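Structural description and commentary
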Amino acid sequence: MKVEEEMVKSENLLEEVEDLKIQYTHKNIELISLNKRTTIEEMLERSGSTLKAPVKPAQIVDIE
């Protein structure tokens, strides 16, 4: 009886792990798509932000 209960618990935990793997993969895909500059720029534009991509590259400031 106890062995059967433990096996059921184990199966339930395996199912939960599979569900969590699916959720992780989905969230990972969402984050990767948000990493694209154009996607971020579109989101900023839709939210009414005036922030724009830089026109000139960053400058290095030497402090001596």
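Just above, that's the structure.
Calculation notes
- Residues numbered from 1 in each chain as written.
- Predicted model: local features only at pLDDT ≥ 70, side-chain atom pairs only at ≥ 80, totals over all residues.
- Heavy atoms only, no water.
- Helix = DSSP H or I, 4+ residues; strand = E, 2+ residues; numbered from the N terminus.
- Rg over C-alpha atoms; globule rule 2.2 N^0.38 Å.
- Buried < 20%, exposed > 50% of the residue type's maximum accessible area, 1.4 Å probe, protein only.
- Patch = residues over 30% accessible without salt bridge, like charges linked within 9 Å, V, L, I, M, F, W, Y side chains within 5 Å.
- Areas by Shrake-Rupley, 256 points an atom, 1.4 Å probe, with all protein chains shown as cover.
- Salt bridge = Lys/Arg side-chain N within 4 Å of Asp/Glu carboxyl O.
- Lys, Arg positive; Asp, Glu negative; His and termini not counted.
- Charge placed at Lys NZ, Arg CZ, Asp CG, Glu CD.
- 1 Å grid on protein atoms, 1.4 Å probe; cavity = no way out; pocket = protein on both sides within 12 Å on 5 of 7 lines; lining within 4 Å.
- Points joined across faces, edges and corners; volume = space filled by probe spheres on them.
- Nonpolar A, V, L, I, M, F, W, Y, C, P; charged D, E, K, R; others polar.

1. Topic: the overall build of the chain
The secondary structure content of the chain amounts to two helices and zero strands. For 64 residues, the compact-globule estimate of 2.2 N^0.38 gives 11 Å, and the C-alpha radius of gyration of the chain, at 24 Å, exceeds that figure by more than 25%. Once the C-alpha set of the chain is aligned to its principal axes, its extents read approximately 75 × 40 × 15 Å. Evaluated residue by residue, the chain yields a buried proportion of 0% over its 64 residues.

2. Quick look at a negative patch on the surface
A surface patch of negative charge is lined by Glu11, Glu15, Glu16 and Asp19. With relative accessibility at 46%, the residue Glu11 sits in the partly exposed group.

3. Looking at the layout of surface pockets
Taken as a whole, the largest pocket spans an internal volume of roughly 200 Å³. Around the largest pocket sit Arg37, Ile40, Glu41, Glu42, Leu44, Glu45, Ser49, Leu51, Lys52, Ala53 and Pro54, which together line it. Within the lining of the largest pocket, the residues separate by chemical class into five nonpolar, one polar and five charged.

Keep in mind these values describe shape, not function.
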